[in-house]
Amino acid sequence: MKLRFMTYNIQHGLDYLKQKELVQKGKGWPEAIDLPKMAEVIRREEADIVGLNEIRGKGSVPWYTNQAEQLAALLGYHCYFARAITFKEGPYGNAILSRFPLQGAETVPIPDPPVKDEDAYYETRCVLRARFAEAGGFTVLVSHFGLAKAEARSAVETVCGLLKKENGPVVLMGDFNLQPDSPILAPLMDAMDDTARLFAQPLKSWPSDQPDQKIDYIFIKGACGLEADIPPVIASDHRPHTALVEL
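Residues numbered from 1 in each chain as written. Predicted model: local features only at pLDDT ≥ 70, side-chain atom pairs only at ≥ 80, totals over all residues. Heavy atoms only, no water.

A. Layout of helix H3 (residues 67-75). Residues of H3 that are buried include every one of Gln 67, Ala 68, Leu 71, Ala 72 and Leu 75, and no others. For H3, the buried positions fall inside an angular range of 135° around the axis, keeping them on one side. Counted as exposed and oriented over 90 degrees from the buried face of H3: Glu 69 and Ala 73. Its buried side turned inward, H3 meets helix H2 (35-44), strand S2 (49-56), strand S3 (78-87) and strand S4 (90-98). After H3 finishes, the residue Gly 76 shows a positive phi value of roughly 75°. (Buried < 20%, exposed > 50% of the residue type's maximum accessible area, 1.4 Å probe, protein only. Helix = DSSP H or I, 4+ residues; strand = E, 2+ residues; numbered from the N terminus. Arc of directions from axis to C-beta. Contact = heavy atoms within 4.5 Å.)

This is how it looks when you write it as structure tokens:
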């Protein structure tokens, strides 16, 4: 079975260029939230299963709604929202959208570092784990790693622990805030296949208007990658990363 996977950090649904324009004019950025635009990117790339980062749930301010459910409704997909943390404006985390029903889904917390001694922004993170019955059964993991090195190491350890428990194919995707040559990523590079090897040429994913970093990934295990791309899309601040995978 061939499926097209996509990982996409949508930055709360903000239209990146419109947000920059509003900020320059001293106006409020919530006006830039455009979920239909994000849905159109997913539709245009014909993604079957999408891992989303920086998703909001319904909160105390009117511009934050159940974004995963809204996107799913726009696309006619199934969804699951994994709350990593709750800010004063409401819940925040990762989500999965799928053409296929989820057999099961859970939110796996990533432990916070016991000591926060880096000059970096710290934020509690999680891994979304979803099971699908198609193709004999497979697992999808979606995460958004922290900016601090200690947070990233904790995320990698959490994911590696999950991988050891899985039977069958696994797809891991998300914004990992790490460049491909980072030693922190090495355990994942050893345990899984990075679909970026299928790029026709080196591609970057952030920022979307002039990308100079590759920090978004789709890893596979027990499956065959057929093609991969980071299309030149400017909607969110990240470009989407896609991969056609045979399970």
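B. The arrangement of the layout of surface pockets in detail. In this structure, the largest pocket spans a volume of roughly 240 Å³. Lining the largest pocket are 15 residues, and of these Glu 54, Arg 125, His 144, Leu 147 and Asn 177 lie nearest its centre. Residues that form the lining of the largest pocket fall into these classes: six nonpolar, five polar and four charged. (1 Å grid on protein atoms, 1.4 Å probe; cavity = no way out; pocket = protein on both sides within 12 Å on 5 of 7 lines; lining within 4 Å. Points joined across faces, edges and corners; volume = space filled by probe spheres on them. Nonpolar A, V, L, I, M, F, W, Y, C, P; charged D, E, K, R; others polar.)

C. The pattern of salt bridges, seen in detail. Across all of its chains, the model carries 11 salt bridges by this definition. With a closest N to O distance of 3.0 Å, Arg 4 and Glu 227 form a salt bridge. Of this pair, Arg 4 sits in strand S1 (residues 2-9) while Glu 227 sits in strand S11 (residues 224-229), and the two are 223 residues apart along the sequence. Here Glu 227 falls in the partly exposed class, since its relative accessible area comes to 37%. Connected via shared salt-bridge partners are Glu 106, Arg 129 and Glu 166. (Salt bridge = Lys/Arg side-chain N within 4 Å of Asp/Glu carboxyl O.)

D. Summary view of the sheet that holds S4. Across the sheet, six strands lie side by side as S3-S4-S2-S1-S12-S11; this open sheet has mixed pairing. Every interior strand has two partners, whereas the edge strands, S3 and S11, have only one. Strand-to-strand twist of the sheet, defined as the mean angle between neighbouring strand axes without regard to direction, takes the value 20°. Pairing between S11 and strand S12 (residues 241-246): five bridges, direction antiparallel. Across the sheet, Gly 225 pairs through a bridge with Val 245, a residue of S12. Each of S1, S2 and S4 touches H2; the most contacted strand, S1, lies at about 150° to it. Together, S2, S3 and S4 form the strand contacts of H3, whose direction differs from that of S2 by roughly 140°. (Pairing = 2+ DSSP bridges. Axes fitted to C-alpha atoms, helices over the stretch in contact; angles between N-to-C directions.)

E. Region of the structure containing the sheet that holds strand S9 (residues 193-194). Strand order in the open sheet formed by six strands is S5-S6-S7-S8-S10-S9, and the pairing between neighbours is mixed. Looking at strand neighbours, the two that pair on one side only are strand S5 (104-110) and S9, the edges of this open sheet. The sheet contact formed by S9 and strand S10 (residues 216-221) spans two bridges and is antiparallel. Along S10, the bridge assignment pairs Asp 194 with Phe 219. Its contacts with the sheet place helix H4 (residues 149-165) against S5, strand S6 (125-132), strand S7 (138-144), strand S8 (170-175) and S10, and it is angled at close to 140° to S5.

F. Summary view of unusual backbone geometry. The peptide bond linking Trp 206 to Pro 207 adopts the cis configuration, its omega dihedral lying at -10°. Mapped onto the elements of the fold, Pro 207 is located in the loop between S9 and S10. Despite not being glycine, Gln 11 shows a phi value in the positive range, around 45°. Considering the arrangement of structural elements, one finds Gln 11 in the loop between S1 and helix H1 (16-24).

Read these as geometric descriptors, not functional statements.
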